[in-house]
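Examination of the molecular architecture
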Amino acid sequence: MATKLATRMERLGTETAFEVLVRAKALEAQGKDVIHLEIGEPDFDTPPNIVSAGARALEEGWTHYGPAAGQPELRAAIADYIERSRGASYAPEQVVVTPGGKPIMFFLILALVEAGDEVIYPDPGFPIYRSMIDFTGATAVPIPLREEHEFRLDVDELAGLITPRTKLLILNSPANPTGGVLERADLEAIAKLAVEHDILVLADEIYSELLYEGEHVSIATMPGMAERTVILDGFSKTYAMTGWRLGYGLFPGDLAASVSKLMVNSVSCTAVALQQAGIEALTGPQDKVVEFREAFRRRRDLVVDGLNRIPGISCLSPKGAFYVFPNITGTGFKSKPFADMLLDEHGVAALSGTAFGDAGEGYLRLSYANSEANLTEALERIDAAVKATVA
Ligand code: PLP
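Since the model is a prediction, treat every value here as computed from it, not as a measurement. (Residues numbered from 1 in each chain as written. Predicted model: local features only at pLDDT ≥ 70, side-chain atom pairs only at ≥ 80, totals over all residues. Heavy atoms only, no water.)

A closer look at the packing of helix H1 (residues 16-29) against helix H11 (residues 335-346)
Relative orientation of the contacting elements H1 and H11 amounts to 20°, with a least axis distance of 10 Å. Between H1 and H11, the angle is such that the two are roughly parallel. H1 and H11 meet at a crossing whose hand is right-handed. Side by side, H1 and H11 meet where Val20, Arg23, Ala24 and Leu27 of the first sit next to Asp340, Leu343 and Asp344 of the second. In terms of residue class, the contact of H1 with H11 is built from four nonpolar, no polar and three charged. (Axes fitted to C-alpha atoms, helices over the stretch in contact; angles between N-to-C directions. Helix = DSSP H or I, 4+ residues; strand = E, 2+ residues; numbered from the N terminus. Parallel < 35°, antiparallel > 145°, perpendicular 65-115°, else oblique. Left-handed = near helix turned anticlockwise from the far one by under 90°. Contact = heavy atoms within 4.5 Å. Nonpolar A, V, L, I, M, F, W, Y, C, P; charged D, E, K, R; others polar.)

This is how it looks when you write it as structure tokens:
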């Protein structure tokens, strides 16, 4: 029997990284050697003090339902961390803890926008933004991020995209997939536009601790922005906790109540024992965060240097996150065929820039959250792949 799905399912997109991972695993099952540069997760294990706190919580009986918005101690620790790290003031009641940072996009967009609304989102950008906007029936308006502008949005261009229907602007800094970082002046100008046009901003700051120069600046600290900024952050990237599923949002006004309601209607609450581990992550020693960042910095330099030596490829040195977004137009290839060829013929799993929006044509995304030995081998394979096609 062919099941007729709701039409909204036709509008829902996906995250290509997971599809490429499945293809890469299938090749490995056939005995092929694949280097994984497709999936965006730290290759490190979660620091042992956090693992112990989670295990201890299970043994101590944190095995029951908890409040939909999260454990009060964790919500307080999060509000405290956001104040400490950015100088942005949110009360613990404004925090909602979710299974990963991703549900914050899902719940916020579901709670806020509908057909007739416009949402401006970064292109190239995390694919779930576009997917969720389309799902609600709202109009997705891409703001292109260009290499010549270091993959920061152009504020004049943004101003030109705003209409009376613009309800939400999504920012992501440091960014996936480009590693681009918005500067303080960019954020000040964007904040002025948001206040002037009464637009809510979703600031996806999940890579805030993976910044290689300067200090992370949150748009929530700009004049008039505390009451119109939702901060998305979480534990996945900073503490190497992707599989735990632990993230959070900080919401202005009464949005936290609406998002909690969506929590009640979907997952009830985030696993309570894991929330105890989250408290340890935020309040315990932070030396591993520094160690991870320094390892990523070395890998970034290795990968950027290696890519720039390959004929036809050029790569900016990103200021944050753990991705590079090399320009491959000089190879003569389009992005998707190039990524397919790298995986099928050379055992390097990478993502086509187009997996992140139309503006990603001409680029690849490589995650450098992998060992230096694997990265070196991957660079040799990419070099061989390009030379083989030119020869
Ligand atoms: N935001 C961005 C830009 C991301 O790249 C990711 C994960 O890849 C997330 C949010 C969500 O992370 P998680 O749901 O694992 O916390």
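Overview of the side chain of Thr46
Relative to the helices and strands, Thr46 resides in the loop between strand E1 (35-36) and helix H2 (48-59). In terms of polar contacts, Thr46 uses its side chain to reach the backbone carbonyl oxygen of Ala240, at 2.7 Å. A polar contact is formed between the side chain of Thr46 and the side chain of Trp244, at a distance of 3.0 Å. Sequence-distant contacts of Thr46, that is, excluding residues within four places in its chain, are made with Val51, Tyr239, Ala240, Met241 and Trp244. (Polar contact = N/O pair within 3.5 Å; in protein donor to acceptor, adjacent residues only side chain to side chain.)

Focus: the domain arrangement of the chain
Domain annotation for the chain reports domain 1 (7-46 + 287-390) and domain 2 (54-283). Computed from C-alpha atoms alone, the centre-to-centre distance between domain 1 and domain 2 is 25 Å. Listed by partner, the interface residues are 40 residues for domain 1 and 37 residues for domain 2. One can count three salt bridges joining domain 1 with domain 2. Two residues, Lys319 and Glu150, come together in a salt bridge whose shortest N-O distance is 3.3 Å. Linking domain 1 with domain 2 are 23 residue pairs in polar contact (both at pLDDT 80 or more). (Domains from an automatic or database assignment. Salt bridge = Lys/Arg side-chain N within 4 Å of Asp/Glu carboxyl O.)

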